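Results of the structural survey
Each chain is listed here by its residues.
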Amino acid sequence: MNILPRQTSPGLRMRYLLVTWLFVLSAVAYLDRTNISIAGIQIGKEFGIDNTHLGWIFSSFLIGYAAFQVPAGLLVHRYGTRLVLTFAVIWWGLFTVLTAIVPPSMSGSIAVLIFVRFLLGSGEAAMYPATSQFVERWFPTKERGKANGIVFGGVGVGSGLTPPLVTAIVLHYGWRASFWFSAFVGIVAGAIWYIIARDTPEQHPRVRKPELDLILDGREPIKPSAAAISQSPASGKRTVPWARIFTSKEVFALTSSYFAFGYVAWIFFGWFYIYLAQVRGLNLKTSALYSMLPFVGMTIGSLSGGVVSDWVTE
């Protein structure tokens with residue numbers, strides 16, 4: 001509990017420091033999930049599998065990721081962004097390392113890899129439910145597009161840096177070393193997040209009074225009617241209005257748009273590097289260079305799109 005009076009000078013805007021670190025964690029998340037596509041050629045050769053079986057390993061991550069989105073969101077709502085995201089990053093590191101230590105000579109090694117990647121995906125499911133709650137609590141409505149743009153800019157940076165970085169590690173030290181490196185970077189980033197973050201600006205001792213007032217004044221108040229709908233008469237606790245969510249046209253439209261985006265995006269996340277190497281015949285370094293380009297565009301689009309989103313909604 002912070003018992004000292006808050007300083008009244010403007011100072012550092014803590015919300016932007018923290019969302020910048022979420023940018024870093026977002027980049028780490030995509031380093032952990034796309035490193036296998038860069039190492040996929042070596043994994044396929046070592047385990048003696050074709051692209052179809054490699055696709056099973058890739059898809060197991062996505063199944064775990066999709067299945068645990070809602071449970072992860074509920075955990076974030078209950079325990080807060082700081083704790084859940086710290087635990088999630090440690091989880092990512094653990095299963096990234098486990099991916100690297102599965103021996104090809106092991107009986108059922110492909111099934112083990114599929115299971116490990118499924119569990120990695122379940123842990124990574126916490127990333128964006130956590131950032132969404134953080135942005136809702138830490139940013140006034142007029143800045144939330146920019147904040148989300150920063151977070152998703154990390155997706156482009158992480159996915160863009162992964163090809164040259166992982167390729168260099170693979171060429172010099174082998175594909176397993178790239179997974180150990182990814183896990184180490186993630187655990188360090190997660191530890192820093194736990195030290196500097198708090199769930200709300202009211203809890204953070206370094207949020208100065210002008211910034212706190214700006215955040216609190218800029219939050220959307222809960223409408224009485226909405227609160228009443230989500231209130232349980234028996235317990236007095238707020239409940240999730242599942243029927244309202246699943247019958248909402250807006251939710252259906254938003255989910256459909258994310259499905260379309262995710263389907264196309266994963267082709268680039270998972271297969272673009274392998275396509276350039278196997279189909280176009282490029283060497284590993286050249287494949288890494290060209291596979292960066294879509295993610296450079298994504299980073300620019302996320303950062304500028306967030307600014308534009310806030311501008312058009314003013």
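Report follows, based on the coordinates. The structure displayed is predicted, hence computed values, not measured ones.

Within the chain, the secondary structure is distributed over 13 helices and zero strands. Each helix and strand of the chain, ordered N terminal to C terminal, gives the series α-α-α-α-α-α-α-α-α-α-α-α-α. For 314 residues, the compact-globule formula gives about 20 Å, and the C-alpha radius of gyration of the chain, at 21 Å, lands near that figure. Overall size of the chain, expressed as C-alpha extent along the three principal axes, is 60 × 45 × 40 Å. Expressed as a percentage of its 314 residues, the buried residues of the chain come to 44%. The long-range fraction of contacts in the chain, counting pairs at least 24 apart against all pairs at least 6 apart in sequence, stands at 83%. Only carbon and sulfur atoms are counted for the fraction: they give 69% of the accessible area of the chain, which is about 16,600 Å². Considering the chain, the positive charge centre built from 25 side chains and the negative charge centre built from 15 side chains are found 3 Å apart.

Tallied over the entire structure, the rule returns two cavities of 30 Å³ or more. Empty space within the largest cavity amounts to approximately 70 Å³. The wall of the largest cavity is formed by Thr34, Ser37, Ile38, Ser159, Thr162, Pro163, Phe268, Phe269, Phe272, Tyr273, Ser291 and Phe295. Of all the secondary-structure elements, those providing two or more residues to the lining of the largest cavity are α1 (14–47), α7 (144–173), α12 (249–278) and α13 (284–312). With four residues, the top contributor of residues to the lining of the largest cavity is α12. A breakdown of the residues in the lining of the largest cavity according to their chemical character gives seven nonpolar, five polar and no charged. As a volume, the second largest cavity reaches approximately 30 Å³. Counting residues per element, the ones that place at least two in the lining of the second largest cavity are α1 and α7. Per-class residue counts for the lining of the second largest cavity are five nonpolar, two polar and no charged.

Here we take up the pattern of salt bridges. For the structure shown, the criterion picks out five salt bridges. Between Glu211 and Arg15 there is a salt bridge, with the nearest N and O atoms lying 3.1 Å from each other. Of this pair, Glu211 sits in helix α9 (residues 209–218) while Arg15 sits in helix α1, and the two are 196 residues apart along the sequence. Pair check on accessibility: Glu211 and Arg15 agree, each one buried. Notably, a salt bridge pairs Arg33 with Glu124, separated by 2.6 Å at the nearest N-O pair. On the criterion of sequence distance, the pair formed by Arg33 in helix α1 and Glu124 in helix α5 (residues 109–124) is long-range, its members being 91 residues apart. This pair shows no difference in class: Arg33 is buried, exactly as Glu124 is. Linked through salt bridges whose partners overlap, the residues forming this network are Arg15, Glu143 and Glu211.

The rules behind these values
Residues numbered from 1 in each chain as written. Predicted model: local features only at pLDDT ≥ 70, side-chain atom pairs only at ≥ 80, totals over all residues. Heavy atoms only, no water. Helix = DSSP H or I, 4+ residues; strand = E, 2+ residues; numbered from the N terminus. Rg over C-alpha atoms; globule rule 2.2 N^0.38 Å. Buried < 20%, exposed > 50% of the residue type's maximum accessible area, 1.4 Å probe, protein only. Contact = heavy atoms within 4.5 Å. Areas by Shrake-Rupley, 256 points an atom, 1.4 Å probe, with all protein chains shown as cover. Lys, Arg positive; Asp, Glu negative; His and termini not counted. Charge placed at Lys NZ, Arg CZ, Asp CG, Glu CD. 1 Å grid on protein atoms, 1.4 Å probe; cavity = no way out; pocket = protein on both sides within 12 Å on 5 of 7 lines; lining within 4 Å. Points joined across faces, edges and corners; volume = space filled by probe spheres on them. Nonpolar A, V, L, I, M, F, W, Y, C, P; charged D, E, K, R; others polar. Salt bridge = Lys/Arg side-chain N within 4 Å of Asp/Glu carboxyl O.

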